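Next come the chains, spelled out residue by residue.
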Amino acid sequence: MRATRRIFLVCGLALSAALFGCDKKVKLTFVNHTSQSLEVQLSGPGRPGTFVGMVGPTGGKLRHELKIKKDSLPATYQWSAGDLDGRFTITKETDKQMWLDIKSGGGLRDKHTEVQEEKKIEVKELPVEQYEVVE
């Protein structure tokens, strides 16, 4: 009888851990809107200034997965890329995917954020030089 109770207790605890989990996982995507490659740093609970990676210029993306213990929530993180930086907070209700725009005035967006961008390309006329060919 006691062995049966222990088996049920162990199975119940294992099932609870599997269902509720111990960590919150968030997939971050850094999107670079500048014209140069940038080194991305991330700091927060348990991460003092960690190098995340390099993100390419003009729309380059860098993906990174954060794992936060549920008892550490809410958790505030700071990121920096070149001379740009920002901060965000992860809560229990935070979506599993977040995008961080690396640009002046850029910020955090999730799957519900509508993004409208306008790119301006300037084309200058180049003089064409013509020479007379003598044979």
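Refer to the structure above for everything that follows.
In this report, we go over the structure that sits alongside the text. Keep in mind that what you see is a predicted model, and the values were worked out from it rather than measured. (Residues numbered from 1 in each chain as written. Predicted model: local features only at pLDDT ≥ 70, side-chain atom pairs only at ≥ 80, totals over all residues. Heavy atoms only, no water.)

Take the pairing of strand 7 (residues 97-102) next. As defined by bridge partners, strand 1 (residues 23-32) adjoins strand 7 across 6 bridges and the pair is classed as parallel. Bridge pairing in strand 7 links Leu-28 to Met-98. Both strand 7 and strand 8 (residues 108-109) contribute to a ladder of 2 bridges, which runs antiparallel. In the sheet register, Trp-99 faces strand 8, and the bridge partner there is Arg-109. (Pairing = 2+ DSSP bridges. Helix = DSSP H or I, 4+ residues; strand = E, 2+ residues; numbered from the N terminus.)

On the surface, Lys-25, Lys-27, Lys-67 and Lys-96 cluster together into a positively charged patch. Here Lys-96 shows up in the loop between strand 6 (84-90) and strand 7. (Patch = residues over 30% accessible without salt bridge, like charges linked within 9 Å, V, L, I, M, F, W, Y side chains within 5 Å. Areas by Shrake-Rupley, 256 points an atom, 1.4 Å probe, with all protein chains shown as cover. Salt bridge = Lys/Arg side-chain N within 4 Å of Asp/Glu carboxyl O. Lys, Arg positive; Asp, Glu negative; His and termini not counted. Charge placed at Lys NZ, Arg CZ, Asp CG, Glu CD.)

Per the stated rule, a full pass over the model turns up 2 aromatic pairs. For the ring pair Phe-30 and Trp-79, a centre distance of 6.3 Å and an interplane angle of 70° mean the geometry is edge-to-face. Of the two residues, Phe-30 is situated in strand 1 and Trp-79 in strand 5 (residues 75-81); the sequence distance between them amounts to 49 residues. The exposure class of Phe-30 is buried, given its relative accessible area of 0%. Aromatic pair Tyr-77 and Phe-88: ring centres 5.7 Å apart, planes at 20°, arrangement stacked. A residue pair is termed long-range when its members are at least 10 positions apart, and Tyr-77 in strand 5 and Phe-88 in strand 6 qualify at 11 residues. (Phe/Tyr/Trp six-rings, centres within 6.5 Å; stacked < 30°, edge-to-face > 60°. Buried < 20%, exposed > 50% of the residue type's maximum accessible area, 1.4 Å probe, protein only.)

The mixed open sheet is built from 4 strands, whose spatial order is 4-1-7-8. The open sheet has two edge strands, strand 4 (61-69) and strand 8, and neither has a second partner. Inspection of the sheet shows strand 1 paired to strand 4 by 9 bridges, in the antiparallel sense. Residue pairing for strand 4: Phe-30 is matched across the bridge by Leu-62.

So, on to the sheet that holds strand 5. Across the sheet, which stays open at both edges, the 4 strands sit in the order 3-2-5-6 with antiparallel pairing between neighbours. The open sheet has two edge strands, strand 3 (47-55) and strand 6, and neither has a second partner. Each adjacent strand pair in this sheet contributes to an overall mean axis angle of 20°, direction not counted. Two elements, strand 2 (residues 38-44) and strand 3, share 6 bridges in a ladder whose sense is antiparallel. Its bridge partner being in strand 3, Gly-44 is matched across the sheet by Arg-47. (Axes fitted to C-alpha atoms, helices over the stretch in contact; angles between N-to-C directions.)

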